[in-house]
Amino acid sequence: MQLIKVFEGENVALHCGLDPPFNLSRFTVDWSRVDNGQRVYVYRHGQDDAGPVVDQYRGRTNINHEALSDGNMTLNISSANLSDSGSYKCFVPKLKVWCEVQLIVEEKGTKTDVSSTTGPPPEGPESDVHGAVKIVLPVGGVLLLVVAVVLLWRCGVIERFMRMLKGERQQEYERPRDFELQQRQRPR
């Protein structure tokens, strides 16, 4: 989880994006507080949807609609309040992907440890050089591979391939012509 610290009154960006980039302009993007479930920002049907947003954030939050085409869901909060401190979750319901960001808003004039001030988070598997939390979008490649293997197995292709690798000859699977005759001539 990305940690961002700002002083009250400052504007802040909570970074969240998909990797690889994926056009989200037709999807619902929902930013909410994790600790109390309040909706902070909602993008739905190609536009802002202020209806479910609580008054505390109404008019102070936005995302760049054009950046959604690249999978960028960064939430901008203007004039941060002390009460804005907490965990935030960005969720795309149709894709079932999300990211979380921890925001700490400090009073102006308070001393803070230099290592914990705002700035890009340390690089790691969950953030890029610019501090954006990345969500790895399941593209369906693994699912497609599994389906292909199952189909090949059910058709017998994998079994024939394994025999070929072992050096066995490929055999025709035809019923012997005299099968019925052999059955009739069996002694009882």
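Residues numbered from 1 in each chain as written. Predicted model: local features only at pLDDT ≥ 70, side-chain atom pairs only at ≥ 80, totals over all residues. Heavy atoms only, no water.

### So, the nonpolar core
Counting 30 residues, the largest nonpolar core has L14, V29, W31, M73, L75, Y88 and L103 as its most contacted members. Contributing elements (two or more residues each) for this core: β1 (2-7), β2 (12-14), β3 (16-19), β4 (29-33), β5 (39-44), β8 (75-77), β9 (86-92) and β10 (97-106). Per element, the largest residue contribution to this core is five residues, and it comes from β10. Sequence-distant contacts of L14, that is, excluding residues within four places in its chain, are made with I4, W31, M73, T74, L75, I77, Y88, V101 and L103. (Core = buried A, V, L, I, M, F, W, Y, C linked by side-chain atoms within 4.5 Å. Buried < 20%, exposed > 50% of the residue type's maximum accessible area, 1.4 Å probe, protein only. Helix = DSSP H or I, 4+ residues; strand = E, 2+ residues; numbered from the N terminus. Contact = heavy atoms within 4.5 Å.)

### Here we look at the sheet that holds strand β7 (residues 61-62)
Spatial strand order, β2-β8-β7: three strands in an open sheet with antiparallel pairing. This sheet does not close on itself; its edge strands, each paired only once, are β2 and β7. Relative to β8, β7 runs antiparallel, the two being bridged by two bridges. If you follow N62 over to β8, its bridge partner there is N76. (Pairing = 2+ DSSP bridges.)

### Things to note about the pattern of salt bridges
Scanning the entire structure with this criterion turns up five salt bridges. With a closest N to O distance of 2.9 Å, R39 and D30 form a salt bridge. Relative accessible area serves as the criterion here: at 10%, D30 is assigned to the buried category. (Salt bridge = Lys/Arg side-chain N within 4 Å of Asp/Glu carboxyl O.)

### Looking at the sheet that holds β10
Here we have six strands laid out as an open sheet, ordered β1-β10-β9-β4-β5-β6, and mixed in their pairing. Sheet topology places β1 and β6 (47-48) at the edges, where each strand pairs with a single neighbour. Pairing of β4 with β5, which is carried by four bridges, proceeds in the antiparallel orientation. Each bridged residue has a counterpart across the sheet, and for W31 the counterpart in β5 is Y41.

### Notes on the confidence of the model for the chain
Averaged over every residue, the pLDDT of the chain is 78; the share at 70 or more is 69%. Mean pLDDT in the chain bottoms out at helix α3 (residues 179-184), which sits at 42, and peaks at β8, which reaches 97. Counting interchain partners and residues more than four positions distant, the pLDDT-below-50 stretch residues 170-186 has three contacts. (pLDDT = per-residue confidence, 0-100.)

### Examining the state of the cysteines
The final tally for this structure, using the stated rule, is one disulfide. Paired by a disulfide, C16 and C99 hold their sulfur atoms 1.9 Å apart. Highlighted residues: C16 in strand β3 and C99 in strand β10, separated in sequence by 83 residues. Both residues of the pair, C16 and C99, count as buried. C90 forms no disulfide, and the closest cysteine sulfur to it belongs to C16, at a distance of 4.1 Å. The exposure class of C90 is buried, given its relative accessible area of 1%. (Disulfide = S-S within 2.5 Å.)

### Regarding the environment of K89
Within the secondary structure, K89 is located in strand β9. On the basis of relative accessible area, K89 is assigned to the partly exposed category, the value being 27%. Along the backbone, K89 and G37 are 52 residues apart, and their C-alpha atoms lie at a distance of 9.3 Å. With residues up to four places along the chain from it excluded, the contact list for K89 reads D30, W31, S32, V34, W98, C99 and E100.

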